[in-house]
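Listed below, chain by chain, are the residues.
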Amino acid sequence: MKIGVLTQPAVDDTLAEAIAAAGGDPVSVTPDTLSAVDAVVTVGEAQLLALATESRSVPILPIDAAPGVQTVDRTDATAALERLVTGEFETQPVPLLEATVGERTVCALRDVMLVTTEPARISEYAIDSHGERVAAFRADGVVVATPAGSHGYARAAGGSVLAPGEQVSVVPVSPFAIDMDQWVLPMAGLSLSVVRDEAEVELLADTRREMVVPPGTTVSIAPNGTLPVAVVTESRPALTASSAR
């Protein structure tokens with residue numbers, strides 16, 4: 001079985017050695033050459049996010065990823081890789097979302113965010129679900145988190161941790177009103193907009209800075225398939241805090 005080991009960001013050779021010791025064929029890959037392997041291993045959050053827009057058919061075994069996906073601690077990597085090589089794993093589909101602005105679409109595993117480019121500068125945002133206004137508010141920004149991302153920034157901003165599914169946690173970032181709500185909404189049919197900008201507003205996807213969003217522009221949110229995560233005996237549950245480093 002060919003197991004891909006990402007070349008960037010670089011990791012040590014112990015993963016390739018463990019794959020070979022289990023009878024597998026370790027292959028160096030990049031996010032756009034995954035068709036050459038039967039499965040791929042990621043180490044840390046950066047590698048997992050790098051595959052979120054590339055891999056839709058090759059199972060991914062995350063090691064030391066952040067909470068929200070089933071991940072393996074690095075101390076258990078050797079045993080987990082042996083199970084991967086021998087096919088002793090199940091595949092868990094992890095929902096991805098997309099954000100569309102005009103003709104441009106970006107994909108995210110964890111979250112997308114509208115936020116002012118200058119710290120502590122408030123703008124006005126609106127949330128709509130299936131064409132109906134949910135809320136409008138003044139804040140530094142607003143984050144939309146998938147279940148995989150609901151442990152992260154959205155949680156720190158007061159949002160709910162979500163079980164796997166196609167709902168999202170929508171949370172204002174540093175709202176002007178102290179009694180502001182947070183929402184759990186269907187991923188499909190959701191849209192955000194900048195009603196008024198008192199500072200420049202950016203769209204971020206999994207922390208990547210993607211584009212500036214002018215006032216009155218609609219950011220449409222929708223499901224964008226799933227990421228196939230390989231789950232082995234050593235995998236930690238998605239809703240359990242990780243010891244990722």
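Residues numbered from 1 in each chain as written. Predicted model: local features only at pLDDT ≥ 70, side-chain atom pairs only at ≥ 80, totals over all residues. Heavy atoms only, no water.

A. Seen up close, the side chain of Asp206. Following the sequence through the fold, Asp206 ends up in the loop between strand E13 (201–205) and strand E14 (208–212). One buried charged residue, Asp206, remains without a salt bridge, the closest side chain of opposite sign being Arg208 at 4.0 Å. Contact partners of Asp206, with chain neighbours within four places excluded, come to Leu49, Ala52, Ala108, Leu109, Arg110 and Asp111. (Helix = DSSP H or I, 4+ residues; strand = E, 2+ residues; numbered from the N terminus. Buried < 20%, exposed > 50% of the residue type's maximum accessible area, 1.4 Å probe, protein only. Lys, Arg positive; Asp, Glu negative; His and termini not counted. Salt bridge = Lys/Arg side-chain N within 4 Å of Asp/Glu carboxyl O. Contact = heavy atoms within 4.5 Å.)

B. View of the nonpolar core. In terms of nonpolar packing, the biggest core is built from 30 residues, with Leu114 and Leu203 touching the most fellow members. Counting residues per element, this core draws most heavily on strand E9 (residues 132–145), which supplies five residues. Once residues lying within four places of it in the same chain are set aside, the contact partners of Leu114 are Tyr125, Asp140, Gly141, Val142, Leu192, Val194, Val201, Glu202, Leu203, Val213 and Val219. Of all hydrophobic cores here, the second largest spans 21 residues; its members include Val37, Leu96, Ala148 and Val229. (Core = buried A, V, L, I, M, F, W, Y, C linked by side-chain atoms within 4.5 Å.)

C. A look at unusual backbone geometry. Positive phi outside glycine occurs at His130, with the angle close to 50°. Following the sequence through the fold, His130 ends up in the loop between strand E8 (123–129) and E9. Given the relative accessible area of 56%, His130 is considered exposed.

D. Focus on the packing of aromatic side chains. Per the stated rule, a full pass over the model turns up two aromatic pairs. Ring geometry for Tyr125 against Phe137: centres 6.3 Å apart, planes inclined by 35°, an arrangement best described as tilted. Separated by 12 residues along the polypeptide, Tyr125 in strand E8 and Phe137 in strand E9 bring together distant segments of the chain. In this structure an aromatic cluster arises from ring pairing among Tyr125, Phe137 and Trp183. (Phe/Tyr/Trp six-rings, centres within 6.5 Å; stacked < 30°, edge-to-face > 60°.)

E. Quick look at the confidence of the model for the protein. In this model, the protein carries an average pLDDT of 88, and 94% of its residues clear a pLDDT of 70 or more. Below a pLDDT of 50 lies the segment residues 241–245, which in the model reaches 14 contacts outside its immediate sequence neighbourhood of four places, other chains included. (pLDDT = per-residue confidence, 0-100.)

F. How the structure looks around the environment of Val101. On the secondary structure map, Val101 appears in strand E5 (residues 90–101). Val101 gets classed as buried once you look at its relative accessible area, which sits at 11%. Measuring from C-alpha to C-alpha, the distance between Val101 and Glu132 comes to 19 Å, with 31 residues separating the pair along the chain. Contact partners of Val101, with chain neighbours within four places excluded, come to Leu203, Met211, Thr217, Thr218 and Val219.

G. Region of the structure containing the environment of Thr91. Topologically, Thr91 is positioned in strand E5. Along the backbone, Thr91 and Ala50 are 41 residues apart, and their C-alpha atoms lie at a distance of 19 Å. Sequence-distant contacts of Thr91, that is, excluding residues within four places in its chain, are made with Pro59, Pro228 and Val229.

H. Representation of helix H1 (residues 14–21) within the structure. Within the span of H1, buried status applies to Leu15, Ala18 and Ile19. Projection of H1 onto a plane perpendicular to its axis shows the buried side chains occupying an angular sector of 100°, all on one side. Pointing more than 90 degrees away from the buried face of H1 are the exposed residues Glu17 and Ala21. Turning to H1, the residues buried within the fold contact strand E1 (2–6), strand E2 (25–29), strand E3 (39–43), strand E4 (60–63) and helix H3 (77–85). Of the residues one or two after H1, Gly23 is the one with positive phi, at around 95°. (Arc of directions from axis to C-beta.)

I. Focus on the pairing of E4. What you see with E4 is no split at all: Ile60 and Pro62 on one side and Leu61 and Ile63 on the other are buried throughout. Pairing between E3 and E4: four bridges, direction parallel. Paired with Val41 across the two strands is Leu61, which belongs to E4. (Pairing = 2+ DSSP bridges.)

J. Looking closely at the layout of surface pockets. In this structure, the largest pocket encloses a volume near 210 Å³. Looking at the lining of the largest pocket residue by residue, the classes come out as seven nonpolar, four polar and four charged. Taken as a whole, the second largest pocket holds about 160 Å³ of empty space. As for the second largest pocket, its lining consists of 15 residues, of which Gly68, Gln92, Val94, Pro164 and Ala238 are closest to the centre. Considering each element in turn, the lining of the second largest pocket owes the most residues, four residues, to E5. Residue classes in the lining of the second largest pocket are distributed as 11 nonpolar, four polar and no charged. (1 Å grid on protein atoms, 1.4 Å probe; cavity = no way out; pocket = protein on both sides within 12 Å on 5 of 7 lines; lining within 4 Å. Points joined across faces, edges and corners; volume = space filled by probe spheres on them. Nonpolar A, V, L, I, M, F, W, Y, C, P; charged D, E, K, R; others polar.)

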